[in-house]
Each structure stands twice: as structure tokens, then as C-alpha cells.
Amino acid sequence: MTCIRVCVLLYVCSAVYETRTYGAMRGAGGNSPHLLYFPDYQRPLKILIMPDKQHHTPTGELSYYGLSLLSYLKDSHPELIAESEFIAERADSAAQAYSEAIRSGCNHIEAEEIAREELCRGLHFSPYNTLVNILWREFEAEIPEDTARQAALRLLPLCRGVLEKYDLTDDFADTPDYELFYTELTGTVQILLEDGIQ
């Protein structure tokens with residue numbers, strides 16, 4: 001798995017950042033999408049993603065939520081990690097949700113939960129991870145466990161026809177359609193593997 005080198009740059013706060021009120025945080029630039037204020041330290045955090053030559057990830061600076069989303073996508077939706085515009089827009093939306101929650105009276109923990117929900121909206125169900133589980137459970141003789149993730153990533157676009165037949169909502173795994181989806185996806189994988197696609 002390709003590594004992402006993460007360079008974390010901590011900037012020294014000025015006196016205004018030391019004020020522990022939310023109003024002072026906003027006045028000091030708390031709405032910036034590139035700044036994260038920790039409840040206890042209130043220090044802005046900038047995170048720089050430095051991809052290597054083989055890794056197709058967004059370049060440039062990512063916010064705290066941008067980095068969090070990128071990490072989540074890498075594990076659950078690797079087909080989306082090159083979607084820099086989507087990542088930036090969703091990260092901004094999560095930061096805005098956090099700010100609005102604070103303004104409405106939520107504490108930092110509650111606001112963070114709201115922001116996280118916005119960050120992963122529509123991404124809780126992972127067809128990629130479903131494919132990985134199918135390979136682990138149903139095709140362990142054909143696909144070694146340590147290569148299942150790479151194989152799932154190659155198979156995923158070839159299973160698009162099955163994926164498009166279902167409404168893959170966040171709670172899809174808890175719906176009656178999931179078992180049928182699992183069975184149909186397993187059958188598709190079997191056909192692909194029989195055709196020599198791994």
C-alpha cells in the first residue's frame with residue numbers, strides 16, 4: 001500500500017489565539033478551512049500532503065477535515081482518493097457544520113460528531129469493503145488474504161452494473177436488499193475470476 005507522507009506544520013499562536021472564548025477564535029480566523037482549533041490548545045493546524053510518484057492523491061494543503069476524509073476514503077472508497085474537488089468541498093462543509101454547531105450552543109465533542117457525520121455523508125456503506133469481505137469469505141482459495149484489497153480495487157469498476165442496480169445508502173447493509181446484493185456481487189466476482197480477472 002502506497003504511503004502518504006504527512007508533514008504537519010504547527011504555527012505559533014499569537015496572543016489573540018490564547019483567548020479561550022469561541023468569539024475570539026472566530027475573530028482570529030476560526031472560519032478558515034485550513035485551520036483547526038483544538039478545544040484545549042487552540043492552535044491552528046496545517047497539514048501538507050506530499051504524495052509520492054505512484055500515489056494519485058490531491059496535492060497541496062489539506063485541512064484537518066480534508067486529511068481525515070482522505071484517510072477514510074483510502075480505507076473505504078479508494079476509487080475516490082483522486083477526487084480533490086470533492087474532498088475539498090466536503091471538508092469545507094464539515095468545517096462549516098462544526099462552526100454552526102458551536103454557534104448553536106453545542107460543545108466541542110457534539111460539534112465534532114456533527115462535523116464527522118457531514119464529512120462521511122453518503123459514504124458509510126462501502127462497496128469496496130464489501131468486495132474485500134466477499135473475497136475473504138467466498139474466494140479465499142483463489143485470492144490470498146493479503147492481496148484481497150488490491151484485487152477488490154481492480155474488480156470494483158467491473159462490478160459497476162451490479163452496484164448501479166441498488167440504492168447504496170448509508171444504512172444499506174441493514175436493509176433487506178443487502179443479502180441479494182451480496183449474492184449477486186458474489187456471483188459477478190465468480191464469473192470475473194473464472195474469466196481470469198484478478
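Here the structure is a predicted model, which is why all the values come from computation and not from measurement. (Residues numbered from 1 in each chain as written. Predicted model: local features only at pLDDT ≥ 70, side-chain atom pairs only at ≥ 80, totals over all residues. Heavy atoms only, no water.)

Novice: Where do I start with the environment of T186 in this structure?
Specialist: When you line up the elements, T186 lands in helix α9 (residues 177-194). On the basis of relative accessibility, which here comes to 13%, the residue T186 falls in the buried class. For T186 and T130, which are 56 residues apart along the polypeptide, the C-alpha to C-alpha distance reads 9.8 Å. When neighbours within four sequence positions are excluded, T186 is seen to be in contact with I134, E138 and F139. (Helix = DSSP H or I, 4+ residues; strand = E, 2+ residues; numbered from the N terminus. Buried < 20%, exposed > 50% of the residue type's maximum accessible area, 1.4 Å probe, protein only. Contact = heavy atoms within 4.5 Å.)

Novice: What exactly am I supposed to notice about the nonpolar core here?
Specialist: The tendency in soluble globular proteins is for nonpolar side chains to be buried as a group. Within the largest apolar cluster, 25 residues are counted, with the highest numbers of intra-cluster contacts made by L131, L135, F181, L185 and V189. Put simply, the parts of the chain that give this core at least two residues each are α6 (127-138), α7 (148-155), α8 (160-163) and α9. Here this core gets seven residues from one element, more than from any other, and that element is α9. Look past the residues within four positions of L131 in its chain and what remains in contact with it is A152, L155, L156, C159, L185 and V189. One finds I81, A95, I102 and A115 within the second-largest nonpolar core, a separate group that totals 18 residues. (Core = buried A, V, L, I, M, F, W, Y, C linked by side-chain atoms within 4.5 Å.)

Novice: Before we go on, may I ask you to explain helix α4 (residues 84-103) in this structure?
Specialist: In an α-helix, one turn spans 3.6 residues, which is why side chains three or four residues apart end up on the same side. In this model, α4 (20 residues) spans 29 Å end to end at C-alpha, consistent with the 28 Å of a helix rising 1.5 Å per residue. For α4, the set of buried residues is I87, R90, A91, A94, A95, A97, Y98, S99, A101 and I102. The first or second residue beyond α4 is G105, which carries a positive phi of 110°. (Expected span 1.5 Å × (residues − 1).)

Novice: It is not clear to me how the packing of α6 against α7 should be interpreted in this structure. Could you clarify?
Specialist: To describe two helices that pack against each other, one gives the angle between their axes and the distance between the axes. Following both chains from N to C, one finds α6 and α7 inclined at 125°, their axes separated by 9 Å at the closest point. Relative to α7, α6 is oriented oblique. Between α6 and α7 lies a crossing whose hand is right-handed. Between α6 and α7, the residues in contact are Y128, N129, L131, V132, L135 and W136 and A148, R149, A151, A152, L153 and L155, respectively. Along the lines of polarity and charge, the residues of the contact of α6 with α7 split into 10 nonpolar, one polar and one charged. (Axes fitted to C-alpha atoms, helices over the stretch in contact; angles between N-to-C directions. Parallel < 35°, antiparallel > 145°, perpendicular 65-115°, else oblique. Left-handed = near helix turned anticlockwise from the far one by under 90°. Nonpolar A, V, L, I, M, F, W, Y, C, P; charged D, E, K, R; others polar.)

Novice: Is there a simple way to think about the confidence of the model for the protein in this case?
Specialist: Caution applies to low-pLDDT regions: their predicted coordinates should not be interpreted in detail. Of all residues in the protein, 69% attain a pLDDT of 70 or more, and the chain-wide mean is 76. The model gives residues 1-59 a pLDDT under 50, and that stretch makes 102 contacts with residues more than four places away or in other chains. (pLDDT = per-residue confidence, 0-100.)

Novice: Would you explain a negative patch on the surface in this entry?
Specialist: A surface patch of negative charge is lined by E117, D167, D170, D171, D174 and D177. Checked against the element boundaries, D170 lands in the loop between α8 and α9. (Patch = residues over 30% accessible without salt bridge, like charges linked within 9 Å, V, L, I, M, F, W, Y side chains within 5 Å. Areas by Shrake-Rupley, 256 points an atom, 1.4 Å probe, with all protein chains shown as cover. Salt bridge = Lys/Arg side-chain N within 4 Å of Asp/Glu carboxyl O. Lys, Arg positive; Asp, Glu negative; His and termini not counted. Charge placed at Lys NZ, Arg CZ, Asp CG, Glu CD.)

Novice: What is the right way to look at the packing of aromatic side chains in this model?
Specialist: Any two aromatic rings considered together are summarised by their centre-to-centre distance and by the angle between their planes. Counting across every chain of the model gives 10 aromatic pairs. Here Y178 and Y182 contribute two aromatic rings whose centre-to-centre distance is 6.2 Å and whose plane-to-plane angle is 50°, an arrangement assigned as tilted. Of this pair, Y178 and Y182 both sit in helix α9, four residues apart, which is roughly one turn of that helix. Given a relative accessible area of 16%, Y178 falls into the buried group. The class of Y182 is buried, set by a relative accessible area of 11%. By way of ring pairs, the aromatic residues F125, Y166, F172, Y178, F181 and Y182 are connected into one cluster. (Phe/Tyr/Trp six-rings, centres within 6.5 Å; stacked < 30°, edge-to-face > 60°.)

Novice: Sorry, what's going on with the pattern of salt bridges here?
Specialist: Should the charged atoms of two oppositely charged side chains come close, the side chains can pair. On inspection of all chains with the given rule, the structure shows three salt bridges. For R121, the salt bridge goes to E118, with nearest N and O atoms at 2.8 Å. On the basis of relative accessible area, R121 is assigned to the partly exposed category, the value being 42%. Here E118 falls in the buried class, since its relative accessible area comes to 18%. One salt bridge connects K165 with E184, and the closest N-O pair in it is separated by 2.5 Å. Taken together, the residues span a long stretch of sequence, with K165 in the loop between α8 and α9 and E184 in helix α9 at a distance of 19 residues. Overall, the relative accessible area of 24% leaves E184 in the partly exposed class.

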